[in-house]
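# Fold and contact review
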Amino acid sequence: MTQTLQLFLIISTALFSIGLLAALSRRHAIFILIGIELMLAAANLNFIAFWRFSPEPQQPTGVMVAIFSIAIAAAEAAVGLALVIAIYRHYRTTNVDQLNQLKG
Amino acid sequence: MSSWIVSNLWLIPAVPLTVSLVVLSLANPQRSIAVLLAIFGQVVALILAIVAFLPTLQTPGFRAVHNFTWFTFGDQALRIGWVLDPLAAAMMVMITLVGLCIFVFSVGYMAGDKNFTRFFAYLSFFSGAMLGVVIANSLLLLFVSWELVGLASYLLIGFWIERPSAAAAAKKAFITTRIGDLGFFLGMLWLYHSSGTLLFYDQGRGCLEEVGLLAIGASATFIALLIFCGAVGKSGQFPLHVWLPDAMEGPTPVSALIHAATMVAAGVFLVARVYPLFSLGAVNGVTPSLTVVVSVGVVTALMASLIALAQFDIKRILAYSTVSQLGLMMVSLGVGGVAAGIMHLIAHGFFKALLFLGAGSVIHGLHHEQDIRKMGGLRWIMPVTFLTYAIGMMNLSGVPFSFSGGWTKEEILHSTAHWSVSPLPHYLMLAGVVLTALYMTRQMIYVFFGSARNTDFQSVGPAEFHSAEAARTTENISGGRTGRGPMFHAHESPRVMTMPLIVLALSSILFVLVLTPAWPWLHAYLNGEPARVDFSLLIQPILLLSLTLVAAGIGLGWLIYRNAPDPLARALPGLFRFLEHKMWFDEIYEQTVIALSRVLSRLADWLDRYFWDGLVRLFAGLAQAFGVLSKGFDDHGINAGVDETTAGTRGFGRLIAAAHSGQIQAYLGAIAIGMLLLLVLYAWLG
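Residues numbered from 1 in each chain as written. Chains lettered and ligands numbered in written order. Predicted model: local features only at pLDDT ≥ 70, side-chain atom pairs only at ≥ 80, totals over all residues.

What follows covers the overall build of chain B. Per the secondary structure count, chain B includes 28 helices and 2 strands. Against the 2.2 N^0.38 benchmark of 26 Å for 686 residues, chain B shows a C-alpha radius of gyration of 37 Å, more extended than a compact globule. Overall, chain B is about 155 × 75 × 50 Å in size when its C-alpha atoms are taken along their principal axes. Within the span of chain B, comprising 686 residues, buried residues form 48% of the whole. Taking the intrachain contacts of chain B between residues at least 6 apart in sequence as the baseline, contacts between residues at least 24 apart amount to 78%. (Helix = DSSP H or I, 4+ residues; strand = E, 2+ residues; numbered from the N terminus. Rg over C-alpha atoms; globule rule 2.2 N^0.38 Å. Buried ≥ 20, exposed ≤ 12 C-beta atoms within 10 Å, placed from the backbone. Contact = placed C-beta atoms within 7 Å.)

Put into structure tokens, the structure is as follows:
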């Protein structure tokens, strides 16, 4: 199977869709976080793919962006998990259906 | 000195008026302060009046005026001022002297009244207003003071406001004199229109001087008659005399003041003051207006003397005697005897004040009993009152030689004898002399002679029971028929009340000195001539005539009334009833003038109620209908639209708010759908 940009984009889209589905359908906060991480991974994959098939693949621009993105994602995951723990301490639950305080 | 008093003549009325205001405005009115102030004001006015009197003695016919501009309107200036001449000076001295006696008397008479201080404030006001009438050199200023006199009389006649009869009498006095004042006012306007000035004397340009009289010309008759209307009202002349007897509702000192020094004197004074208007264009001393004055005077004098014969209220008899004497003065003025009329006015001021205060003393001594049928035998119980009253009675009856009233009446009879139109007034006035002597004798016998009477109380007339105190006295009497009646309580009045009586009695006798034909000083003084002494004039045939008439009147009275009760009532019951009811004047007015005004007021009421009110209601109805329409439009048009809009907004808001569930996943889903749609749109467009 030849390595083409379309293949990577299809994989990336599939990965994003799986992540979105997880974020929308799961009721547990940690699963939602995992779905978001999946969508981030799809975005990183896109960066790498567009860099690999760009006219100047010698410059390591795409890799640099992906590394930054992964670092931010790690920080984000840490903040997200901390929020989940704080929410759990406050509400004694992590079921997002019961967390409707944002209602206007 | 002379010029000072002329330019400051205003002080004479101003002092009592100021005193009146001060007494009224005292925060804590105290009796002694009020009395001292009022009497002080009167004494000051008396001293000033005497100071003003002195310069008029030096030159016969002295006249000094002080005029100034009150205000200007357009190119016209309204000027007022005061005048000092024998007429004003003599009146001022009389008013202040008699007023002072009345003030002192009131201290005793009103001692028990709860509105003691108010009474003295009003008295001062009354006296001040009358002094204003006397000094006025402008018909306008005279009119203003004249109305103040009217106001003061209203306040004082209705002084006992808790009695409905007093309030009614005050209203009657005010309204009746107002009818006359309307004529006075019109006359004043006419005078101003034709002469251009209301000043009496203004260096030849006043309305009573040559230039002014020339300008007035033929309209003088009408002006004079209109002004005479005011005098008729104020001086209680026929047909406006009805208020004067009712004015007896006021306290007796007020009656004395009204009948002697103020109010009724104002009318006679007014005619004397504007006499040149009456006599303008006189042929042989006769003008149409003067003839009217004589006729009114004659009718009034005779009518009032007749009515006085059949009255039982001690004050009412005196009231009718005043009406009759005022008629006499009017006759005197009308036939040309101005000086005689004013002399009688001044003498009358003294002896009528004396009589009224004597009556007040009797009433006070009998605990507010006014019915002469319940009096009698008082000559031993109240000797001072009896003697002074007798002097007053002889003055009024016109007993010659030692009583001033006799001499002045003589002068008047003398003037009427020479009237060129008709000898009738002269004879009628002679008859009046007999009648006056008759009714005064009747009163004297009823009050002071005989023994204490206990007559049937059922036949008491309507106006007799005035105060609660009188009613109480009556209860005492009727409760104890076996007792000695009201005389049991009778007592002589205190010194403060008898002293004024004595002063007035002596004044009325000493006054003779300047009245007799031997030295007719007052007559000459008023006419502005030097007086001469001539004892040969003392004995005149007409004197014997009047002496006979007075003697006849008194003797007849003694014969008729020696054995009371009233023989006239039994002999001529119809006539007596006619006179006792004051010739039914009140009833006639009730049926005619008052009935007419009542019909007119009903008509006006009907017009108001149905015509004007209907118009108003129509417009109100129209406005209301428009209001209903406008309300409907508002309710169903504008309001409904606004309501609909708000309801729609609210519903839409609720719909949108439902999407705002707070579920983070729902938001995320919406974002995803949005992104997908954008993607589809992009793909489709691109």
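More follows now that the structure is in view.
On a plain count of helices and strands, chain A comes out with 3 helices and 0 strands. Listing each helix as α and each strand as β along chain A from the N terminus yields α-α-α. Computed over C-alpha atoms, the radius of gyration of chain A comes to 17 Å, more than 25% over the 13 Å expected from 2.2 N^0.38 for 104 residues, which places it beyond the range of a compact globule. By principal-axis analysis of the C-alpha atoms, chain A measures approximately 50 × 25 × 25 Å. Residue burial in chain A is summarised as follows: out of 104 residues, 10% are buried. By sequence separation, contacts in chain A at least 24 residues apart represent 49% of the contacts at least 6 residues apart.

Moving on: the confidence of the model for chain B. Residue and element names in this part refer to chain B. Counting all residues, the mean pLDDT for chain B is 81, and 91% of those residues have values of 70 or more. Taken element by element, chain B is modelled with least confidence in helix H21 (residues 468-479), mean pLDDT 40, and with most confidence in helix H28 (residues 664-685), mean pLDDT 90. Under a pLDDT of 50 for its full length, residues 454-488 has, in the predicted model, 41 contacts with residues more than four places off or in other chains. Overall fold confidence for the complex sits at a pTM of 0.71, while the interface term, ipTM, reaches 0.79. (pLDDT = per-residue confidence, 0-100.)

Each side of the interface is counted separately: chain A has 10 residues, and chain B has 10 residues. For the side of chain A that touches chain B, the residue count by class is 5 nonpolar, 3 polar and 2 charged. (Nonpolar A, V, L, I, M, F, W, Y, C, P; charged D, E, K, R; others polar.)

Take the pairing of strand S2 (residues 76-84) of chain B next. Working note: regular strand, side chains alternate between the two faces of the sheet. All names here are of chain B. Of the strand pairs in this sheet, strand S1 (residues 64-73) and S2 are connected by 9 bridges, and their pairing is antiparallel. The residue bridging histidine 66 from the neighbouring strand is tryptophan 82, located in S2. Between the antiparallel neighbours S1 and S2 lie 2 residues, among them glycine 74 with a positive phi of about 60 degrees. (Pairing = 2+ DSSP bridges.)

The residue after Phe238(B), namely Pro239(B), is reached through a cis peptide bond having omega 5 degrees. Relative to the elements of secondary structure, Pro239(B) occurs in the loop between helix H9 (220-234) and helix H10 (243-246). In the Ramachandran plot, Arg92(A) falls in the positive-phi region, its phi being about 60 degrees despite a non-glycine side chain. Mapped onto the elements, Arg92(A) comes out in the segment after helix H3 (61-91).

Our next topic: the packing of H9(B) against helix H12 (residues 264-273) of chain B. Pairs of packed helices are described in terms of their axes, by the angle between the two and the distance that separates them. Residues and elements named next belong to chain B. Where H9 contacts H12, the two axes come as close as 7 Å, and the packing angle between them is 155 degrees. Classed by the angle they form, the pair H9 and H12 counts as roughly antiparallel. You can see that H9 and H12 cross each other, and the crossing is left-handed. Of the residues in H12, those touching H9 at Ile227, Phe228, Gly230, Ala231, Val232 and Lys234 are Val264, Ala266, Gly267, Leu270 and Val271. Of the residues assigned to the contact of H9 with H12, the class counts are 8 nonpolar, 2 polar and 1 charged. (Axes fitted to C-alpha atoms, helices over the stretch in contact; angles between N-to-C directions. Parallel < 35°, antiparallel > 145°, perpendicular 65-115°, else oblique. Left-handed = near helix turned anticlockwise from the far one by under 90°.)

Moving on: H3(A). The first and last C-alpha atoms of H3(A) sit 44 Å apart over 31 residues, in line with the 45 Å expected at 1.5 Å per residue. Following H3(A) by one or two positions, Arg92(A) has its phi on the positive side, about 60 degrees. (Expected span 1.5 Å × (residues − 1).)

What follows deals with the environment of Leu668(B). Structurally, the position occupied by Leu668(B) is in helix H28. Overall, Leu668(B) belongs to the partly exposed group, with 16 C-beta atoms counted inside 10 Å. For Leu668(B), the contacting residues outside a window of four places in its chain are Ala23(A) and Leu24(A).

Residue and element names in this part refer to chain B. Note that leucine 607 resides in helix H27 (residues 585-659). On the neighbour-count criterion, leucine 607 (12 C-beta atoms within 10 Å) is exposed. Linking leucine 607 and serine 165, residues 442 residues apart in sequence, is a C-alpha distance of 32 Å.

With that settled, consider the packing of helix H2 (residues 11-25) of chain B against helix H3 (residues 31-58) of chain B. All names here are of chain B. Interhelical geometry of H2 versus H3 gives an angle of 175 degrees and a closest axis separation of 8 Å. Relative to H3, H2 is oriented roughly antiparallel. Taken together, the residues of H3 that come into contact with H2 (itself represented by Leu11, Ile12, Val15, Pro16, Val19, Val22 and Val23) are Ala34, Leu37, Ala38, Gly41, Gln42, Val44, Ala45, Leu48, Ala49 and Ala52. In terms of residue class, the contact of H2 with H3 is built from 15 nonpolar, 2 polar and no charged.

To continue, consider the environment of Ile342(B). Residues and elements named next belong to chain B. Within the secondary structure layout, isoleucine 342 lies in helix H16 (residues 338-365). With 29 C-beta atoms packed within 10 Å, isoleucine 342 lands in the buried category. Taking the C-alpha atoms as reference, isoleucine 342 lies 9.0 Å from histidine 523; in sequence the two are 181 residues apart. Excluding residues within four positions of it along the chain, isoleucine 342 makes contact with Leu87, Ala272 and Leu526.

This part takes up helix H15 (residues 314-334) of chain B. Its 21 residues place the ends of H15(B) 31 Å apart at the C-alpha level, agreeing with the 30 Å of an ideal helix rising 1.5 Å per residue. Directly beyond the C-terminal end of H15(B), a positive phi value near 105 degrees is found at Gly336(B).

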